[in-house]
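Secondary and tertiary structure notes
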Amino acid sequence: QVQLVESGGGLVQAGGSLRLSCAASGTIFSLNSMGWYRQAPGKQRELVATITRDGTRNSADSVKGRFTISRDNAENTVYLQMNSLKPEDTGVYYCNAQAVIDIIAVRVYWGQGTQVTVSS
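Everything quoted here is computed from the prediction, not taken from an experiment.

**A short note on the overall build of the protein**
What the protein contains, in helices and strands, is zero helices and eleven strands. Beginning at the N terminus, the succession of helices and strands in the protein can be written as β-β-β-β-β-β-β-β-β-β-β. Taken against the 2.2 N^0.38 rule, which gives 14 Å for 120 residues, the C-alpha radius of gyration of the protein at 14 Å falls within 12% of a compact globule. Its C-alpha atoms give the protein principal-axis dimensions of roughly 50 × 25 × 20 Å. When the 120 residues of the protein are sorted by exposure, 42% land in the buried category.

So, in structure tokens, the structure goes:
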């Protein structure tokens, strides 16, 4: 199986920074897109940022200029650098990856989530 393990969440004051990491492990031939999603209390899960294997990025308008997604293909790891955090950034952040696990199989995997809380 493929496992995604997140780290780096926590409590931070508004204006502060956090860096999230997500490492993929297991039987993986290659990773395609990787990304981060978040879910605030009472709201649906939303896309934060994604990055392709060759480094093409996209992100939600609400985080543009503040969050930066990056990846290390050799380590099967994706990062999310979050700066200028706002209380509305509070939520559970989930790592996501499309993994090629067989010659004809590609599947989407999710991490367990990590809590990010931004205080006023």
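Having seen the model, we can carry on.
**Some words on the packing of aromatic side chains**
In total, this model carries one aromatic pair according to the counting rule given. Ring geometry for Y37 and W110: centres 5.0 Å apart, planes at 65°, overall edge-to-face. Residue Y37 is located in strand β4 (residues 30-39), and its partner W110 is located in strand β10 (residues 106-110); the two are separated by 73 residues in the primary sequence. A relative accessible area of 19% places Y37 in the buried class.

**Some thoughts on the nonpolar core**
Counting 30 residues, the largest nonpolar core has W36, V48, F67, V78, L80, M82 and Y93 as its most contacted members. Contacts of V48, omitting those with residues within four sequence positions, involve W36, Y37, R38, N58, S59, A60, V63, F67, L80 and Y93.

**With respect to unusual backbone geometry**
Even without glycine at this site, N76 takes up a positive phi of about 50°. By the element assignment, N76 lies in the loop between β7 (67-72) and β8 (77-82). Using a relative accessible area of 22% as the deciding quantity, one classes N76 as partly exposed. The backbone of S84 shows a phi angle near 50°, a positive value even though the residue is not glycine. Within the element layout of this structure, S84 appears in the loop between β8 and β9 (91-100).

**Digging into the state of the cysteines**
Evaluation of the coordinates by the stated rule reveals one disulfide. With a sulfur-sulfur separation of 2.0 Å, C22 is cross-linked through a disulfide to C95. Judged by the torsion about the S-S bond (-85°), the C22/C95 disulfide is left-handed. Residue C22 is found in strand β3 (residues 18-26), and its partner C95 is found in strand β9; the two are separated by 73 residues along the sequence. Across this residue pair, the class does not change: C22 and C95 are buried.

What counts as what
Every chain's residues receive numbers from 1 upward, in the order its sequence appears when written. Reporting in this predicted model follows two pLDDT cut-offs: at least 70 for local features of residues, and 80 or more for side-chain atom pairs to be given and counted; totals over whole chains, interfaces and linings ignore these cut-offs and use all residues. By convention in this description, side-chain values take in all heavy atoms of the structure and omit both hydrogens and water. Each helix is a run of DSSP H or I of at least 4 residues and each strand a run of E of at least 2, with the numbering of both proceeding from the N terminus. The globule rule is 2.2 Å times the number of residues to the power 0.38, and the radius of gyration it is compared with is taken over C-alpha atoms. Think of it in three bands: with a 1.4 Å probe and only protein chains considered, a residue is buried below 20% of the maximum accessible area for its type, exposed above 50%, and partly exposed in between. Each pair of aromatic rings taken from Phe, Tyr and Trp, with Trp reduced to its six-membered ring, is defined by centres within 6.5 Å and is described as stacked if the planes are under 30 degrees apart, edge-to-face if over 60, and tilted in the remaining cases. The definition of a nonpolar core used throughout is a set of buried Ala, Val, Leu, Ile, Met, Phe, Trp, Tyr and Cys residues joined through side-chain atoms within 4.5 Å. The criterion used for residue contact is that any of the two residues' heavy atoms lie within 4.5 Å. Any two cysteine sulfur atoms within 2.5 Å of one another count as a disulfide.

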